[in-house]
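Coordinate analysis (summary)
Take a look at the letters that make up each chain.
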Amino acid sequence: MTSETDISSDITKRRGIDLPQAAFWAAAGLGILAAGVAITGGREAGQAGAILLILLLAGGLVLFAFVSRGIGRQVGAFPERGAMERAALFAHRAEFLVLDALEEPALVTDRDGSPIAANAAYIAVAEIAGALGDSDRPPMMSRLFGADPLLSAPMFRLSRAAGTGQSRREELPTTALSPSGAPTRYEARVSSMAGGRVLWRLREIGENAEQNEDLRHLFLDDAPVGFFAAREDGTIAYMNRALRAVLGIGDDPAKLKVKDVVRDETGRLMRRERRGFGPTQAPVTLRARDGVEAQASALTFWAAGESDAPIRTLVFFTEAEAPSALPRSERRAPGPGDVMFEHAPFGAALLDGPDPSAAAILDTNPALTEMSQGRATPGATFAELFDASEGPSALAQRLRSAATAPVDLQLAGTSPTAVHVQLARGADGSTLAYVINVSEQRELEQRLAQSEKMREIGMLAGGVAHDFNNLLTAVMNNCDYLLRRHPVGDPDYLDLNEINHHALRAKELSEMLRAYARQTTFKREVLDVSDFLSRMQELIRRLIGEAISFDMKHGRDLPMIKADRTQLERVLVNLASNARDAMSSRETGMPRGGRLVVRTLNSTAEEARAHGHLQIADGQYVLIEVEDTGSGIKPEDAAKIFRPFHSTKEAGKGTGLGLATSYGIIKQSGGYIFFDSRPGKGTTFRVYLPAYEPSQEEIDDMAKKERERIDRPATDVAGQGRILFVEDQVGVRRAIARNLVECGYEVVEAEHGEEALAILDREPGSFDVIITDYDMPVMNGPEMVEAATVEMIGGAKILFLSGYAPESFGKILEDVTISYLSKPVNLAQLASKVKSLMAA
């Protein structure tokens, strides 16, 4: 702000002449004049006078609405808050000239924080911060630093001092908010003025290396964790007493380098993480002067905006290596201006007494103020910062025990934060409290426990599915045998067909379990997503019914993907079924309207992270969105929807495996699946599949498969040839062997790999196809194939019947050409595969 005239002219330039406003006030003036004529005219005005009075009343109502709705203030008819204060300020010309003559940025507000005036230097800083809006009033100082979380605590304390009429100064962390654009540190001050106004000032400050070094020693030497600062070449500039005690180093760590005290991990500690903005954490091995090594965890961080600043590293010891408590005589309390105290990455407070349950806070650093949501202030009771749900006495006992070892507590507040609290006693009787945020560590521990639990469930599901598949294979093959003997028209045909139908449904359930356990044998092929979804369009339309509106939108220039077509179809069917159920009535179970949209887009990891999906890896993706207008997902269910057997449907109406299966399929395909939901509005599932660049050979293979799909001949299961069938399950072996014999093949059976080897040794090269199970007692399928010689196998094709993925076979079969069929398998699938192998 330079002068009142400049501001007024600037406002006029921005607003110009408002024609509707001018017309309104002209009409209002004419109405008032006409009403005066009507009133003074009395009866002589007649009917016209009554009309004029009505017009006056109507104009008054319009004027009342105009004022009450704030329109008058917007168009400039009425002054906004602070305008009269500014006028008063401008009236005191000498005071205004003093404000504008200051070289440092300055702002005048009332005690409630409403800005009144600012000088040109302040306006320049506000312009750099992008905090100038359409209003002619300058922005509050807190808005200049609103995007920096490290500055929120100092601004909070300054605002509180301004509201109570006190003076206060704060040294702010380094920020890029300066006319030169270089990293700058400011000192912010507030002080009272006459008339209940407050003066805010910003002053650039320099660094005093010696003073800061003394302050670092003053605060960090008594910390219960290790700390060191190192230059870019690895030379250690400072090391606190706790770390020196563990390493057996004297008071002067001069000429030491990081590699002298940290084994092997030096490069990892010194390397700045370019992709992130926070500290980096890594396990390290400390090497003491006597050669003894100790395990610890190191947290390394850098000063914001200072690329050549020394690294600062906190070292967290294990309980066995933690240094013992230092004598009271050696303790020193941090001073109020301690730079390291202010900018430490953990919370710290100075208490006024030895009992933490009753002590008050004398001083606190910004980290603790932010963690406690502004409640950690001088004068507050330290114990009141923590959750006391177990009772005040239990909390007091735990706080007292923090003097000997760290204790786990929770900071009270709207979102409780898990913390470690440890106390250290000062020489003057005061107490230092260190509060370290461990909420992320607790979350990682919970995730690890959940991951272990889900892994065990997955192993259980995979084992159950494998055994279940053997039973289903026997049922399906026996059913196929009986259906050939009891064709359509036979009295038993309907019952046998019903058995076959339920066996197929059981097969789908088994495949869901295997997909969740990620034990599905994937037949990856190059897919055009638009073509794939177009073929599924009619299936999805029939699945959701006519009551639900369905739309499919294809993106342009989509890359290819490589995935299992059948498994991807299962994912889309699961998502569409869930969308239909979300738009159906709970009473009738029938769709009650709504809209389902399936769309494809070309996407990147950056765009996915913009949606909040931070776990996705870098790369190019094809995005498939399935959006519905159903009931949405409740917040309490959101964290559990991908868990197996978790269902929000009524009993008997869902297996709880649909989304768990979809998650397993997408993860096994190298992709990601996320969702956004608003209860009562709908849900959007997003499936990200990695883009794939096919070779010319793969493109030709796609065209060939498409031609075969169009010109597919009728299946003929009959054939001739000699087959060695190896299977340890008697029921499965007999059912499949009988069906193959019925098709015209000669079948020799073996119970395990050793028996099969004996047969091959007696009759080498006499079989056209060797069909074997993967997992068998005595000797499994891969071991048998590896042990057989080339003469034993001869020209036989090898076919594995298994529910295990090919990757689980390891490298033992890398020199042998083998084929796969996934259990359970029926006669048509097996006979067709055998026939194609013989034809090859």
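**Things to note about helix α23 (residues 658–668)**
- In terms of residue burial, α23 counts as a mostly covered element, since eight of its eleven residues are buried.
- Among the residues making up α23, those that are buried are Leu659, Ala660, Thr661, Ser662, Gly664, Ile665, Ile666 and Gln668.
- Trailing α23 by a residue or two, Gly670 shows a phi angle of about 85°, which is positive.

**Looking at the packing of helix α20 (residues 565–582) against α23**
- With their axes 9 Å apart at the nearest point, α20 and α23 run at an angle of 145° to one another. Here α20 runs over α23; the crossing is left-handed. The residues of α23 that touch α20, namely those facing Gln567, Leu568, Arg570, Val571, Asn574, Leu575 and Asn578, are Gly658, Leu659, Thr661, Ser662, Ile665 and Ile666.
- Its residues assigned to classes, the contact of α20 with α23 shows six nonpolar, six polar and one charged.

**Looking at the nonpolar core**
- Grouped together as the largest cluster of nonpolar side chains are 35 residues, with contacts concentrated most on Leu596 and Phe685.
- Sequence-distant contacts of Phe685, defined by excluding residues within four places in its chain, comprise Leu575, Ile624, Glu625, Val626, Ile633, Ile641, Phe642, Leu659, Ile673, Phe674 and Phe675.
- Residues Leu399, Leu411, Val421 and Val435 belong to the second largest nonpolar core, which totals 23 residues.

**Looking at the environment of Met155**
- With respect to the helices and strands, the residue Met155 is situated in helix α9 (residues 152–163).
- Separated by 17 residues in the primary sequence, Met155 and Leu172 place their C-alpha atoms 9.0 Å from one another.
- Every residue in contact with Met155, bar those within four places of it in the chain, is listed here: Met141, Ser142, Phe145, Leu172 and Ala188.

**Some details on the packing of aromatic side chains**
- Tallying each qualifying case throughout the model produces nine aromatic pairs.
- Ring plane angle 35° and centroid distance 5.2 Å describe the contact between Phe642 and Tyr663, whose orientation is recorded as tilted. In this pair, Phe642 is assigned in the loop between α22 (635–638) and α23 and Tyr663 in helix α23, connecting sequence segments 21 residues apart.
- Ring centres 6.2 Å apart and planes at 5° place the aromatic pair Tyr672 and Phe674 in the stacked group. Of the two residues, Tyr672 and Phe674, neither departs from the other in class, the shared state being buried.
- One aromatic cluster is present, built from ring pairs that chain together Tyr621, Tyr672, Phe674 and Tyr688.
- The ring of Tyr481 carries Arg738 above its face, with NZ or CZ at 3.8 Å from the centroid.

**As for the sheet that holds strand β12 (residues 347–351)**
- On the basis of which strands lie adjacent, the open sheet formed by five strands has the order β13-β12-β16-β15-β14 and antiparallel pairing. The open sheet has two free edges, formed respectively by β13 (361–364) and β14 (407–411), since each of these has just one partner strand. Across the sheet, the mean angle from the axis of one strand to that of its neighbour is 35°, orientation sign disregarded.
- Sheet topology places β12 next to strand β16 (residues 431–437); five bridges connect them, and they run antiparallel. Bridge pairing links Leu350 to Leu432 in β16.
- Across the sheet, helix α16 (residues 392–401) touches β14 and β15 (417–425), and the angle it forms with β14 is around 130°.

**Some thoughts on the sheet that holds strand β3 (residues 168–171)**
- Spatial ordering of the open sheet is given by β2-β1-β5-β4-β3, a layout of five strands whose pairing is antiparallel. Unpaired on one side and paired on the other, β2 (115–118) and β3 mark the two borders of the sheet. Taking each pair of neighbouring strands and ignoring which way they run, the sheet shows an average axis angle of 20°.

**Description of the environment of Leu757**
- By the secondary structure assignment, Leu757 is in helix α26 (residues 753–762).
- Considering only alpha carbons, one finds Leu757 and Ile793, 36 residues apart in sequence, at a separation of 9.7 Å.
- When sequence neighbours within four positions are dropped, the list of residues in contact with Leu757 reads Met779, Met784, Ala787, Ala788 and Met792.

**Some details on the pattern of salt bridges**
- Taken as a whole, this structure holds 22 salt bridges when the rule is applied.
- For Glu525, the salt bridge goes to Arg565, with nearest N and O atoms at 3.8 Å. In this pair, Glu525 sits in strand β17 (residues 524–527) while Arg565 sits in helix α20, placing the two residues 40 residues apart along the sequence.
- Judged by its relative accessible area of 22%, Arg565 is partly exposed.
- The shortest N-O distance in the salt bridge between Glu698 and Lys562 comes to 3.3 Å. Placement of the pair is Glu698 in helix α24 (residues 696–710) and Lys562 in strand β19 (residues 561–564), with a sequence separation of 136 residues.
- Since its relative accessible area comes to 19%, Glu698 is described here as buried.
- Beyond isolated ion pairs, a larger network of salt bridges with shared partners links Arg599, Glu625, Glu627, Asp676 and Arg686.

**Overview of the confidence of the model for the protein chain**
- In this model, the protein chain carries a mean pLDDT of 76, and residues with pLDDT of at least 70 account for 69%.
- Across residues 75–85, confidence stays below pLDDT 50; counting only partners more than four residues off in sequence or on other chains, it has 22 contacts.
- Overall, residues 88–94 carries pLDDT values under 50, and its contacts beyond four positions in sequence, including any with other chains, amount to ten contacts.

**A closer look at the side chain of Thr684**
- Checked against the element boundaries, Thr684 lands in strand β23 (residues 682–690).
- When neighbours within four sequence positions are excluded, Thr684 is seen to be in contact with Glu625, Val626, Glu627, Phe674, Phe675 and Asp676.

**A word on the pairing of β23**
- In terms of burial, β23 is a largely internal element, eight of the nine residues being buried.
- The pairing of strand β21 (residues 620–628) with β23 spans eight bridges and is antiparallel. Of the residues in β23, the one forming a bridge with Val622 is Leu689.
- Direction of pairing for strand β22 (residues 672–678) relative to β23: antiparallel, over a ladder of seven bridges. Of the residues in β23, the one forming a bridge with Ile673 is Val687.
- Counted between consecutive antiparallel strands, the loop separating β22 from β23 contains three residues, among which Gly680 sits at a positive phi close to 85°.

What counts and what doesn't
- Each chain has its residues counted from 1, running along the sequence as written.
- Only residues with pLDDT of 70 or above have their local features reported here, since the model is predicted, and side-chain atom pairs are shown and tallied only from 80 upward, although totals for entire chains, interfaces and linings are computed over all residues.
- Where side-chain values are given, they derive from all heavy atoms of the structure, hydrogens and water being excluded.
- Think of it in three bands: residues with accessible area under 20% of the maximum for their type are buried, residues over 50% are exposed, and the middle band is partly exposed, with areas taken using a 1.4 Å probe on protein chains only.
- Secondary structure elements are taken from DSSP: a helix is a run of H or I of four residues or more, a strand is a run of E of two residues or more, and numbering for both begins at the N terminus.
- Here an axis means a line fitted to C-alpha atoms, over the contact stretch when the element is a helix, while the angle between two N-to-C directions is reported on a 0 to 180 degree scale.
- A crossing counts as left-handed when the near helix is turned anticlockwise from the far one by less than a right angle, and as right-handed when that turn is clockwise.
- What makes two residues a contact is simply this: any of their non-hydrogen atoms within 4.5 Å.
- Note on residue classes: Ala, Val, Leu, Ile, Met, Phe, Trp, Tyr, Cys and Pro are nonpolar, Asp, Glu, Lys and Arg are charged, and everything else, Gly too, is polar.
- Nine residue types can take part in a nonpolar core, namely buried Ala, Val, Leu, Ile, Met, Phe, Trp, Tyr and Cys, and a core is a set of them joined through side-chain atoms within 4.5 Å.
- Pairing of aromatic rings covers Phe, Tyr and Trp, the last counted by its six-membered ring, and requires centre-to-centre distances within 6.5 Å; plane angles under 30 degrees mean stacked, over 60 mean edge-to-face, and any other angle means tilted.
- Here, over-ring charges are defined by two tests on the NZ atom of lysine or the CZ atom of arginine: distance to the ring centre within 6 Å, and angle to the ring normal within 35 degrees.
- Strand pairing follows a simple DSSP-based rule, namely that at least 2 bridges must link the two strands.
- The rule for a salt bridge is simple: a side-chain nitrogen of Lys or Arg has to be within 4 Å of a carboxyl oxygen of Asp or Glu.
- As a per-residue measure, pLDDT tells how confident the predictor is, with possible values from 0 to 100.

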